[in-house]
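The primary structure of each chain is shown beneath.
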Amino acid sequence: MTASPDTRPDRFVFLLLENFTLIAFAGAIEPLRLANRMSGRTLYEWRVVTPDGRPVAASNGVAIEPQAGLEALETNTTVIVVGGVNVRQAITRPVLTWLRREARRGLAVGAVCTGAQVIAEAGLLDGRRCTIHWENRDGFEEEFPEIELTHNVFVIDRDRYTAAGGAASTDLMLKLIAMRHGPALATLVADQMIHTSIRSDRDEQRLSIPARIGIRHPKLAGVIQRMEEAIEEPVSPMLLARDAGMSTRQLERLFRRYLNRSPKRYYMELRLARARNLLMQTDMSVISVAMACGFVSPSHFSKCYRALYRTTPYRERGASEEPAA
């Protein structure tokens, strides 16, 4: 999108999937309404559609009445897929077929929250950069290793737009408004939304490690970052300590003092948290999940998982039976 004197309104169609995230949807649609209001012109028009044309419920239970189902769209339209929890269950053949057809006709396609999973499944992110909510990052990377996934709050790659969800949807739409009608209007819209800090596509989704753990200790933050980057092939405490310029005993004392657990225990919790994400978000086998999180055997993985989450990986998945050890 570029600034243009074209007076025709830009059209947006929001495809709401079952259990979509309401804040991501509201954060995307409200800037359009406010852009019209603040400019005194109809700069944008929008419609809401669902896969079958029937009302669909958000993850918080609020139901939205759509204007249509999956019908052919006019040109000069941007499709935004709004995902949420359990997005894989909402990915159907009609949805994928419709998205591919509209993309072939030259329509821009975007996604907020877990909607990126849907347009990736449709093949519309091949050769593009994108983003997705950080909680769904692990499953997305395993399923689409060839797609360049970033940590950014939103990504604009030619005619593909993705936002991580939550307030990131607003940041994406403000950027699109600025590109089309200038930054002054985008600032007016942000002021109306009490959105005092407009983030760019260079900003990252998550807080820094010191902010997340509530501790500002550079060496501790560096070790934790190294752990997060080496889940599939865990690094020994000895090597972590050496690379941080301290002894193994010093590393142990550091974790005990600030996090009330050993480095080994903290690392295990990180690996199991990622394993849980993969179990809930992908169709990977339990054995594959175990290997992806650095466990050498399913039995060891199951034992560690049960100790932390009070259930086994198989029961987490809803499997009726577990394989023999």
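For clarity, every value in this text was computed on a predicted model and none was experimentally measured. (Residues numbered from 1 in each chain as written. Predicted model: local features only at pLDDT ≥ 70, side-chain atom pairs only at ≥ 80, totals over all residues. Heavy atoms only, no water.)

**Thoughts on the pairing of strand S1 (residues 10-16)**
Note the threshold: Each residue is placed in one exposure class: buried if its accessible area under a 1.4 Å probe, protein chains only, is under 20% of its type's maximum, exposed if it is over 50%, and partly exposed if it falls in between. Only DSSP runs of H or I reaching four residues or more are called helices, and only runs of E reaching two or more are called strands; each is numbered from the N terminus. Strands pair, by our definition, only if DSSP identifies at least two bridges between them. A right-handed crossover is one whose linking path, passing over the helix from the first strand to the second, runs clockwise when the strands point away from the viewer.
With six of its seven residues buried, S1 lies for the most part within the structure. Pairing analysis gives six bridges linking S1 to strand S2 (residues 44-49), with the strands arranged parallel. When the bridges of S2 are listed, Arg11 appears paired with Glu45. Chirality of the crossover, the property in question, places the unit of S1, helix H1 (residues 22-39) and S2 among those that are right-handed. Pairing of S1 with strand S5 (residues 77-82), which is carried by six bridges, proceeds in the parallel orientation. Pairing of Phe14 across the sheet is with Ile80, part of S5.

**Observations regarding unusual backbone geometry**
For Asn19, which is not a glycine, the phi torsion comes out positive at approximately 65°. Inspection of the secondary structure puts Asn19 in the loop between S1 and H1. Given a relative accessible area of 24%, Asn19 falls into the partly exposed group. For Asn86, which is not a glycine, the phi torsion comes out positive at approximately 50°. Structurally, Asn86 can be placed in the loop between S5 and helix H2 (93-104).

**Section: the sheet that holds strand S9 (residues 154-157)**
Selection criterion: Only the stretch in contact is used when a helix axis is fitted, and all axes are lines through C-alpha atoms; the angle between N-to-C directions ranges over 0 to 180 degrees. In what follows, a contact means two residues having at least one pair of non-hydrogen atoms within 4.5 Å.
A sheet is described by the order of its strands in space; here six strands give the open sequence S2-S1-S5-S6-S10-S9, paired in mixed fashion. The sheet is open, and its two borders are formed by S2 and S9, each paired with just one other strand. Strand-to-strand, the axes of this sheet are offset by a mean angle of 15°, without reference to chain direction. In this sheet, strand S6 (residues 108-112) lies alongside S5 in parallel orientation, the contact comprising five bridges. Paired with Val79 across the bridge in S6 is Val109. Along the sheet face, helix H5 (residues 168-181) touches S1, S2, S6, S9 and strand S10 (160-163) and points at about 35° away from the line of S9.

**Focus on the environment of Ile209**
Topologically, Ile209 is positioned in helix H7 (residues 209-213). In the structure, Ile209 is positioned 163 residues away from Trp46 in sequence and 39 Å away in space, judged by C-alpha atoms. Setting aside its immediate chain neighbours within four residues, Ile209 contacts Ala221, Ile224, Gln225 and Glu228.

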